[in-house]
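# Fold and geometry: a report
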Amino acid sequence: MTVTSPQPALLRSRHPAPVLDHARFGGMPAVVADDEVLSHADLADRVAARARSWGPARRLVLVEGANTLDSLVAYLAALQHGHVALVVPDGRQAQREAIVAAYDPDIICTTGARDDVRRPESAHDLHPDLALLLSTSGTTGSPKLVRLSRANVASNAAAIADYLALTPADRAITALPLHYCYGLSVLHSHLVAGASVVLTGLSVVDECFWELFARTGATSFAGVPHTFDLLATSGFEARDLPSLRQVTQAGGRLDPDDVRRWSRFGRSRGWDLVVMYGATEATARMAYLPPDLAEDHPAAIGVAVPGGHLRLDESVDERPGVGELVYSGPNVMLGYAHAPADLALAGGGSELRTGDLARQVDGLFEVVGRRNRYGKVFGLRLDLDAVEGHLRAEVDRRARVVATDRAVHVFLTTGRRSAAARALTASHCGVPAHAVHVTVLAQLPLTSNDKTDYAALARLAALSEQDEADAPAAVSTHPVRADFVRVLGRPDAADGDSFVDLGGDSLSYVELATRLADHFPQGLPTGWHTLGIGELEDRRRATTTVSHDAEAEPARPRRVRLDTTVALRALAILFVVASHVDLVALEGGAHLLLALAGFNFARFQLSAAGDAGTRLRHGLSGLAQLVVPSVLWVGAAALVLGSYDLTTALFVRELVNSSEWDDQWQLWFLESLVWITAGALAITSLPALHRLERRTPFRFALAVLAVAAVARFAEVGFRAGPTQRYTTLVVAFFFVLGWAAARATTTRQRLLVTALAAALTVGFFGQVHREVIVLGGFLLMLWVPHVRLPSWLARAAGVLAGASLFIYLTHWQVYPALEDAGHQWLALGASLAVGITYGRLVRPVHQAVGRAVLGSR
């Protein structure tokens, strides 16, 4: 059964038109970037100048596919002027380095750097038709690439422009990355039609994205299924977007109910939803669903794109009317490349076997599964897509299913229907209930292209089946992932997830940093907490020695690099306890801990990607992980020992306005930290202030510091009294100083923060040693990001720093009796030991609280 679509006019010529045709559309807008508008002619001039700078020889050009004007010009310079463009994700150094090692490009164009012209002529034999190389892998540096010709690119761009009816009046905003074939297809189709694109790296959940959309008059955006999940939870339906006329969807199957819902909503607002189907191997698009058919046929992928052909090979499936979907057309790839020698190969035909199983209903194709999405459990062949479809319809619309040879694994995003999911799966598959494993994840793992990462789910399934004898092998293979799972309690973490993405807080940062240091003998990468797990695994492998075809951990060095904040936290809590047991008079550690808390608040909570709601969830997760273990201990001490009253247990002691020091003041640091963090989170989660902080983070921090400083001077003046120095309003400026330090990225900014810290700290206590400890520690944090320590000392510092909250919390009940008996050193040791032990005991609670808050929607 074959369905052929007519060719658009641009496909009928023998030599396809270039993507950028300034002769036809010279004066029309082509690109909007940073509020600068370039016409097609302007863009063509910049592209030509970039190509001239490389010289006349045809070469292999690696381009980082960032959503920036510089990356766009580099890409088009390669594509338009006869070179071969090899596009890789931006910001993924390990992946880029793996591709560079595998293919040895002649020119390398990276974001924010000058082009690296490595040789005047190509080192490779490049086939004349070859124009573009794209990876089919969303998360790794796999050397397997798709080889595309200039004709592939031009024909598919023309076909898309044809069925979307694009004109020079259209303007798309880049909601997807340009290294992704879908993102590139948006660029190609708009340029070939004389339309324009707005370049941005913002997310659809960011308010600034929609401000830019409205300001530039964008008419369309593209999304994958995950995009629509984000739209549904970020207030998109309440937005007024009068210029929007079209939303396209591809990159995976959107649930039919969602297709119908979004189609109806779009029509009510004056825009169309266009569901599409494609693959990198077909340049981008193979089929589309005319928008007027979406509500009646929400499960369909539609018809072949103009110039393309779709047919079903029914020999591969036993069900009548179901077969493998086979596509042919001028956009089918030349073939794959596994090594540089493959770049000389010619095309391998114009037919593509998609691997998808489909049927045809009312002239429209509908994908019903994958040939490789079958499992075999107890000898039974299972259609996993069919099982997943039933679960999504009846239990959890985000349910996902994988299988091993021992069990069917169901992954849900809510635990309320676990029993129903197990029963339905067992019944549908014909397996006993004990062979169905149900796992609840806060978030489903996604690839960098926002598709379900079934490989990650398969790893989770295998991990859950491993017995204790198998566990060490799994840990040795992926030690970074194992440490993330162990410390954060997040087995659902995807390769692209970072410590910040997973809701890590300052305590888990310390423990995880200490564990990861064992895998990075030269020190953890700068900003490791913002790097994905996959990126960290890649960097670990790059620093690991290999012998006998197996990875071996390098010998641990005598000195290691330790994050200065970790060292300072350990030192500060040591000073606090040592002072309280009357070993030394080194007060000031708690105020230094406040500054460190502000630094980590900016580094973790404020660095979470997404909108104000996402930031609020990350912040509440960190706050809950601070409050819940504290309340458990304080409540127990209040009930059993009578140490505290209700106001202390609930962190509202200051409401009683007592100015005399008593036992209720012991936890002043925790009470202040809770309320200051809550206040900082509240102001940064307000949409308007969230956007302002995103745009000017350092200036915003200075403004908050000014408010905190005014509050301090209004309350106590230049010097704080004996109890005033422990009140929330007075000490808040220490927290905000740390916040400003984290946002200071230039030498001039750090100098300004240094001056402000000195001005606000000197004289505050009226005790020189306190001010030296607080100010000295703060300046170390600001100017010295890492210190090198003996490995044993670094590990000890990590343990102390990771337990600093719990040591502070518990030591009040530990040391007094020992101190009174004259055993100061024993009092110090016991206080540290009890705090560390309590931290280990409440770790499951700590992790569960963080997951619960992050998992809420």
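Just so it is clear, the structure is predicted and the values come from calculations on it, not from any experiment.

## Focus: the overall build of the protein chain
Looking only at helices and strands, one finds 31 helices and 30 strands in the protein chain. Within the protein chain, the fraction of its 857 residues that count as buried is 56%. Counted over contacts in the protein chain with a minimum sequence separation of 6, partners at least 24 positions apart contribute 71%. Summing over all exposed atoms, the protein chain offers an accessible surface of approximately 34300 Å²; the carbon and sulfur share of this is 57%.

## Some points on a nonpolar patch on the surface
A surface patch of nonpolar side chains, amounting to about 380 Å² of accessible area, comprises Leu-639, Val-640 and Leu-641. Positionally, Leu-639 belongs in helix 19 (residues 612-640).

## Digging into the side chain of Thr-283
Of note, Thr-283 is situated in the loop between strand 14 (272-278) and strand 15 (285-289). Residue Thr-283 is classed as buried on the basis of its relative accessible area, which comes to 6%. A distance of 2.8 Å separates a polar side-chain atom of Thr-283 from the backbone oxygen of Asn-331. Leave out the neighbours within four places in its chain, and Thr-283 touches Leu-148, Asn-152, Val-153, Asn-156, Cys-181 and Asn-331.

## Some words on the pairing of strand 26 (residues 436-440)
In terms of strand pairing, strand 25 (residues 408-412) meets strand 26 through five bridges, oriented parallel. Paired with His-409 across the two strands is His-437, which belongs to strand 26. Chirality of the crossover, the property in question, places the unit of strand 25, helix 11 (residues 418-429) and strand 26 among those that are right-handed.

## A look at the environment of Ala-161
Locating Ala-161 in the fold gives a position in helix 5 (residues 150-163). Given the relative accessible area of 9%, Ala-161 is considered buried. As a C-alpha pair, Ala-161 and His-190 span 29 residues in sequence and 6.8 Å in three-dimensional space. Residues in contact with Ala-161, not counting those within four places in the same chain, are Leu-166, Ser-189, Val-192 and Ala-193.

## Quick look at the packing of helix 17 (residues 564-580) against helix 30 (residues 824-841)
Packed helix pairs are specified by the crossing angle of their axes together with the interaxial distance, meaning the distance between the axes. With their axes 9 Å apart at the nearest point, helix 17 and helix 30 run at an angle of 135 degrees to one another. With respect to helix 30, the element helix 17 is oriented oblique. Here the hand of the crossing between helix 17 and helix 30 comes out right-handed. Seen from helix 17, the contacting residues are Leu-574, Val-577 and Ala-578; seen from helix 30, they are Leu-828, Ser-831 and Leu-832. Residue composition of the contact of helix 17 with helix 30, by class: five nonpolar, one polar and no charged.

## Digging into empty space enclosed by the protein
Leftover empty space is mapped by rolling, across the atoms, a probe with the size of a water molecule. This structure, assessed with the given rule, holds ten cavities of 30 Å³ or more. A volume near 110 Å³ is recorded for the second largest cavity. Along the wall of the second largest cavity there are 16 residues; nearest its centre are Leu-164, Val-186, His-190, Ala-222 and Thr-248. The set of elements that each furnish at least two residues to the lining of the second largest cavity consists of strand 10 (171-173), helix 6 (181-192), strand 12 (220-223) and strand 13 (246-249). Residue contributions to the lining of the second largest cavity peak at five residues, all from helix 6. Counted by class, the lining of the second largest cavity contains ten nonpolar, six polar and no charged residues.

## Focus on the nonpolar core
In this structure, Phe-484, Trp-528 and Trp-739 are the most contacted members of the largest nonpolar core, which totals 107 residues. Those residues in contact with Trp-739 that sit more than four places away from it in its chain are Gly-598, Phe-599, Phe-601, Ala-602, Leu-606, Ala-680, Ile-683, Thr-684, Phe-700, Ala-701 and Val-704. With 105 residues, the next largest nonpolar core counts Ala-33, Val-87, Ala-159 and Leu-191 among its residues.

## Remarks on the packing of helix 14 (residues 479-488) against helix 16 (residues 533-542)
It is the contact of helix 14 with helix 16, at a shortest axis distance of 8 Å, that shows an interaxial angle of 135 degrees. The orientation of helix 14 with respect to helix 16, classified from their angle, is oblique. Together, Pro-479, Val-480, Arg-481 and Phe-484 of helix 14 and Ile-533, Leu-536, Glu-537 and Arg-540 of helix 16 make up the contact between the two elements. For the contact of helix 14 with helix 16, the residue count by class is five nonpolar, no polar and three charged.

## Some words on the confidence of the model for the protein chain
For the protein chain, the average pLDDT comes to 85, and 88% of its residues sit at 70 or higher. Scored below 50 in pLDDT, residues 8-17 makes 18 contacts in the model with residues more than four places away or belonging to other chains. Long-range and interchain partners of residues 137-141, a stretch whose pLDDT sits below 50, account for 13 contacts in this model, where long-range means more than four residues apart.

## Quick notes on the sheet that holds strand 24 (residues 400-403)
Spatial ordering of the open sheet is given by 24-25-26, a layout of three strands whose pairing is mixed. Each edge of the sheet is formed by a strand with only one pairing partner; in this case those strands are strand 24 and strand 26. Strand after strand, the sheet turns through a mean of 20 degrees between neighbouring axes, direction not considered. Running at roughly 150 degrees to strand 24, helix 10 (residues 384-394) makes contact with strand 24 and strand 25 of the sheet.

## Observations concerning the pattern of salt bridges
One pass over the structure, following the stated rule, counts 25 salt bridges. For Glu-237, the salt bridge identified is with Arg-261, shortest N-O distance 2.7 Å. Taken as a pair, Glu-237 in the loop between helix 8 (225-233) and strand 13 and Arg-261 in helix 9 (residues 256-269) lie far apart in primary sequence, 24 residues in all. Taken together, the shared-partner salt bridges in this structure form one network comprising Asp-104, Asp-106, Arg-118 and Arg-119.

## Here we look at the environment of Phe-484
The topology assignment puts Phe-484 in helix 14. On the accessibility criterion, Phe-484 (1% relative accessible area) is buried. The spacing of Phe-484 and Ser-498 is 14 residues in sequence and 9.4 Å in space, taken between C-alpha atoms.

## Considerations on the side chain of Arg-712
Mapped onto the elements, Arg-712 comes out in helix 23 (residues 697-716). Put simply, Arg-712 is tucked away with no salt bridge, and the nearest opposite charge, on Glu-771, sits 7.8 Å away. Excluding its chain neighbours within four sequence positions, the residues that come into contact with Arg-712 are Gly-717, Phe-718, Leu-729, Val-730, Phe-733, Leu-760 and Phe-764.

## Comments concerning the sheet that holds strand 10
Strand order in this open sheet of nine strands is 3-2-11-10-12-13-14-15-16, and the pairing throughout is mixed. Each edge of the open sheet carries a strand with a single partner, namely strand 3 (36-39) and strand 16 (303-304). Relative to strand 14, strand 13 is paired through four bridges, and the arrangement is parallel. Directly across from Val-247, in strand 14, lies its bridge partner Leu-273. Its contacts with the sheet put helix 2 (residues 40-54) on strand 2 (29-33) and strand 3, and the angle it makes with strand 3 is roughly 85 degrees.

About the cut-offs
Residues numbered from 1 in each chain as written. Predicted model: local features only at pLDDT ≥ 70, side-chain atom pairs only at ≥ 80, totals over all residues. Heavy atoms only, no water. Helix = DSSP H or I, 4+ residues; strand = E, 2+ residues; numbered from the N terminus. Buried < 20%, exposed > 50% of the residue type's maximum accessible area, 1.4 Å probe, protein only. Contact = heavy atoms within 4.5 Å. Areas by Shrake-Rupley, 256 points an atom, 1.4 Å probe, with all protein chains shown as cover. Patch = residues over 30% accessible without salt bridge, like charges linked within 9 Å, V, L, I, M, F, W, Y side chains within 5 Å. Salt bridge = Lys/Arg side-chain N within 4 Å of Asp/Glu carboxyl O. Polar contact = N/O pair within 3.5 Å; in protein donor to acceptor, adjacent residues only side chain to side chain. Pairing = 2+ DSSP bridges. Right-handed = clockwise from strand over helix to strand, strands pointing away. Axes fitted to C-alpha atoms, helices over the stretch in contact; angles between N-to-C directions. Parallel < 35°, antiparallel > 145°, perpendicular 65-115°, else oblique. Left-handed = near helix turned anticlockwise from the far one by under 90°. Nonpolar A, V, L, I, M, F, W, Y, C, P; charged D, E, K, R; others polar. 1 Å grid on protein atoms, 1.4 Å probe; cavity = no way out; pocket = protein on both sides within 12 Å on 5 of 7 lines; lining within 4 Å. Points joined across faces, edges and corners; volume = space filled by probe spheres on them. Core = buried A, V, L, I, M, F, W, Y, C linked by side-chain atoms within 4.5 Å. pLDDT = per-residue confidence, 0-100. Lys, Arg positive; Asp, Glu negative; His and termini not counted.

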